[in-house]
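# Observations on chain architecture
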Amino acid sequence: MVLLASGSLESVVQLITSLLIFAFVLAVTFWTTKFVAKYQKNTMNSGNMEVVEVTRIAPNKYLQIVRVGGRYFLISVGKDNVNFIAELQSEDLHLKEMTEAKEQYMDFKSILEKAKNSRKKQADKNE
């Protein structure tokens, strides 16, 4: 009986230790990801170049509007190449709408609320 009791106590201690190590690794991963994201955001937004909009046209091909200084360019980006298509006039672009759309999609709270509401509506329909 003594052996059985000490074995189960040891198992519980190992389980708790494993859970604590897992929580520590998860926390370190979270903070590292947050740090790297903040660093990349600052690096991407601090220069003279910015990707304004991206549209997928094929599995590995994209059209991008890129701002360099005060000028805008339309480029195509493929798996192995980047091609210049045209220079765009800033008057032709709807920059305010694109900025608002980007902010709308970046707000995680609103996305989560929409998901909750749609799930709730589906549950109401099924009843």
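Let me sum up the structure you'll find in this document. Remember, predicted model here, so these are calculated numbers, not experimental data.

Now for the pairing of strand S1 (residues 49-58). The pairing of S1 with strand S2 (residues 61-68) spans eight bridges and is classified as antiparallel. From the neighbouring strand, Val51 faces S2, where its bridge partner is Val66. Linking S1 to S2, which pair antiparallel, is a turn of two residues.

The next subject is the pattern of salt bridges. This model, assessed by the stated rule, comprises two salt bridges. A salt bridge links Arg67 to Glu50; the nearest nitrogen and oxygen atoms lie 3.2 Å apart. Remark: Glu50 occurs in strand S1 and Arg67 occurs in strand S2; sequence separation between them is 17 residues. You can call Glu50 partly exposed: its relative accessible area is 29%. Close ionic contact of Glu87 with Arg71 constitutes a salt bridge, the shortest N to O distance being 2.9 Å. Placement of Glu87 in strand S4 (residues 82-88) and of Arg71 in strand S3 (residues 71-77) is noted, with a sequence separation of 16 residues between them. Glu87 gets classed as partly exposed once you look at its relative accessible area, which sits at 38%.

Here we have four strands laid out as an open sheet, ordered S1-S2-S3-S4, and antiparallel in their pairing. Lying at the two open borders of the sheet, with one neighbouring strand each, are S1 and S4. Neighbour to neighbour, the strand axes of the sheet diverge by 20° on average, direction disregarded. Looking at chain direction, S2 and S3 are connected through seven bridges and run antiparallel. Paired with Tyr62 across the bridge in S3 is Val77.

Reading the values: rules and limits
Residues numbered from 1 in each chain as written. Predicted model: local features only at pLDDT ≥ 70, side-chain atom pairs only at ≥ 80, totals over all residues. Heavy atoms only, no water. Pairing = 2+ DSSP bridges. Helix = DSSP H or I, 4+ residues; strand = E, 2+ residues; numbered from the N terminus. Salt bridge = Lys/Arg side-chain N within 4 Å of Asp/Glu carboxyl O. Buried < 20%, exposed > 50% of the residue type's maximum accessible area, 1.4 Å probe, protein only. Axes fitted to C-alpha atoms, helices over the stretch in contact; angles between N-to-C directions.

Structural measurements only, silent on function.
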